[in-house]
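Next come the chains, spelled out residue by residue.
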Amino acid sequence: GGDDNGDDDDDDDDGGGGGNKQQRKRRRRPRRLVSLSALPTGSQADTQDMETLYEQERALRIYFDDLSAAERQPLDVGSDAYAARARRFEDELADVQERISKMAPNLRAVARYEEVLAKLNDNDKELSTAKRLADEHKAEFERVRRRRQRRFKRAFDAIAQHIDPIYKMLTQSRHVPPGTAYLAVENVDEPYLEGVKFNAMPPNKGFRDLEQLSGGEKTVAALALLFAINRYRPSPFFVMDEVDAALDHVNVARVANYIRVRSRDMQFVVISLKEDFFKKSDALIGIYRDEKLACSKTLSWDLQPYTF
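Residues numbered from 1 in each chain as written. Predicted model: local features only at pLDDT ≥ 70, side-chain atom pairs only at ≥ 80, totals over all residues. Heavy atoms only, no water.

Caption draft 1: Region of the structure containing the overall build of the protein. The helix and strand inventory of the protein stands at nine helices and eight strands. Within the span of the protein, comprising 308 residues, buried residues form 19% of the whole. Long-range pairs, those at least 24 residues apart, make up 50% of the contacts in the protein with a sequence separation of at least 6. Accessible area of the protein: about 23300 Å², with a carbon and sulfur share of 52%. (Helix = DSSP H or I, 4+ residues; strand = E, 2+ residues; numbered from the N terminus. Buried < 20%, exposed > 50% of the residue type's maximum accessible area, 1.4 Å probe, protein only. Contact = heavy atoms within 4.5 Å. Areas by Shrake-Rupley, 256 points an atom, 1.4 Å probe, with all protein chains shown as cover.)

In structure tokens:
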């Protein structure tokens, strides 16, 4: 402010008057702005970024045309008016610097954006791969599920078809009607996920749970199920260890007759102590202990010449 009014005495000594004074009056030139922006430091910018900011700052200029006449008047440095004006300017400068700092762009935003974009592309590729694999596994699971259901149904239908006739053969009698046996799945839609219910009704008896049958009746029912499974998947021979232990003489004879009929297609090796089984056999193999030699010995006897 003081530079604008400092040459009045020189103008009075000249003989020319006001025209010369107007020409010699100093024109207000723009002055450099010192440090208006908050410069990034440390990790916020590298050396090249700092130099660019300094170049931009040196290009800035300040013009005093917008100052009022009161603001251009010089003030004493120690006066209250000077201090108030200084505080007001400092507050305005701080406000401007704060706004500039908030508007300052992140110089690493482009690089960060490229990193995030590359990571997003990688994640998209992984997601696409995961979806493709999930679809493939789902299709494979459905294929295996259908194949398992077909195989289960084929086996179940065949066994359920054979079990009742076999059970009737094992329980047939001249005096009473034979028994009845059947299979039922507990889950029709997904039968292999739950159990299969086996129901057997002996002759002259009503419907009961399998747990309520006697030991002999359970044995006959179990043999019927075993023979029905074998009809679906035949095996070359059977090995049966005292399956007649809980059977009476009538049921032993029935089981022996059934085995005799089935022996045309396969071989049966039966370990038994019942005479009714011996009578229906094609051959006998006995095991005894030799007291003198203190060991076991075997005897075999072919009964086919005596079969009638």
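Caption draft 2: Highlighting the packing of aromatic side chains. In this structure the tally under the stated criterion is six aromatic pairs. With 6.1 Å between their ring centres and 10 degrees between their planes, Phe152 and Phe156 make a pair best called stacked. Within this pair, Phe152 and its partner Phe156 are both found in helix H6 (residues 109-171), separated by four residues, close to a single helical turn. When its relative accessible area of 16% is taken as the criterion, Phe156 is described as buried. (Phe/Tyr/Trp six-rings, centres within 6.5 Å; stacked < 30°, edge-to-face > 60°.)

Caption draft 3: Representation of a positive patch on the surface in the model. Together, Arg146, Arg147, Arg150, Arg151, Arg154 and Arg233 make up a region of like positive charge exposed at the surface. Locating Arg146 in the fold gives a position in helix H6. (Patch = residues over 30% accessible without salt bridge, like charges linked within 9 Å, V, L, I, M, F, W, Y side chains within 5 Å. Salt bridge = Lys/Arg side-chain N within 4 Å of Asp/Glu carboxyl O. Lys, Arg positive; Asp, Glu negative; His and termini not counted. Charge placed at Lys NZ, Arg CZ, Asp CG, Glu CD.)

Caption draft 4: Summary view of the pattern of salt bridges. Under the criterion given, the structure shown has 12 salt bridges. The partner of Asp164 in a salt bridge is Lys168, and the shortest N-O contact between them spans 2.7 Å. Within this pair, Asp164 and its partner Lys168 are both found in helix H6, separated by four residues, close to a single helical turn. On the accessibility criterion, Lys168 (27% relative accessible area) is partly exposed. Ionic pairing is found between Lys205 and Glu217, a salt bridge with its closest N-O pair at 2.3 Å.

Caption draft 5: Looking closely at helix H8 (residues 249-262). Taking 1.5 Å of rise per residue, the 14 residues of H8 would be expected to cover 20 Å, and the 20 Å separating its terminal C-alpha atoms lies within 8% of that figure. Among all positions of H8, only Asn251, Val252, Arg254, Val255, Ala256, Tyr258, Ile259 and Arg262 are buried. Tucked inside the fold, the buried residues of H8 contact H6, helix H7 (215-232), strand S5 (237-241), strand S6 (267-271) and helix H9 (275-279). (Expected span 1.5 Å × (residues − 1).)

Caption draft 6: Examining the pairing of S6 more closely. One ladder, built from five bridges, connects S5 with S6; its direction is parallel. In the sheet register, Asp241 faces S6, and the bridge partner there is Ile271. As for the winding sense of the linkage, the β-α-β connection from S5 through H8 to S6 is right-handed. (Pairing = 2+ DSSP bridges. Right-handed = clockwise from strand over helix to strand, strands pointing away.)

Caption draft 7: Quick look at the environment of Leu75. Within the secondary structure, Leu75 sits in the loop between helix H4 (69-72) and helix H5 (80-103). For the pair Leu75 and Arg85, spaced 10 residues apart in the sequence, the C-alpha separation amounts to 9.4 Å.

Caption draft 8: Up close: the packing of H6 against H7. Where H6 contacts H7, the axes come no closer than 7 Å and their chain directions differ by 135 degrees. Here H6 is positioned oblique relative to H7, judged by the angle of their axes. Where H6 crosses over H7, the two elements pack in a sense that is right-handed. Counting all contacts with H6, which are made through Arg154, Ala155, Ala158, Ile159, His162, Ile163, Ile166, Tyr167, Leu170 and Thr171, the residues of H7 involved are Val220, Ala221, Leu223, Ala224, Leu225, Phe227, Ala228, Ile229, Arg231 and Tyr232. Here the contact of H6 with H7 is built from residues that sort into 16 nonpolar, two polar and two charged. (Axes fitted to C-alpha atoms, helices over the stretch in contact; angles between N-to-C directions. Parallel < 35°, antiparallel > 145°, perpendicular 65-115°, else oblique. Left-handed = near helix turned anticlockwise from the far one by under 90°. Nonpolar A, V, L, I, M, F, W, Y, C, P; charged D, E, K, R; others polar.)

Caption draft 9: View of the side chain of Arg85. Here Arg85 is to be found in helix H5. On the basis of relative accessibility, which here comes to 18%, the residue Arg85 falls in the buried class. When near neighbours in sequence (up to four residues on either side) are disregarded, Arg85 contacts Ala70, Glu71, Gln73 and Leu75.

Caption draft 10: Just the nonpolar core, in detail. Of all hydrophobic cores here, the largest spans 28 residues; its most connected members are Leu170 and Phe227. Among the secondary structure elements, those contributing two or more residues to this core are H6, strand S3 (180-185), strand S4 (196-201), H7, S5 and H8. (Core = buried A, V, L, I, M, F, W, Y, C linked by side-chain atoms within 4.5 Å.)

Caption draft 11: Molecular detail of a nonpolar patch on the surface. Together, Leu75, Val77 and Tyr82 make up an exposed nonpolar region whose accessible area comes to about 270 Å². Its place among the elements puts Val77 in the loop between H4 and H5. By relative accessible area, Val77 is classed as exposed at 64%.

Caption draft 12: Structural detail: the packing of H6 against H8. Contact geometry of H6 with H8 gives a least axis separation of 8 Å together with a crossing angle of 130 degrees. Here H6 is positioned oblique relative to H8, judged by the angle of their axes. Where H6 abuts H8, its residues Ile166, Met169, Leu170 and Thr171 lie against Arg254, Val255 and Tyr258.

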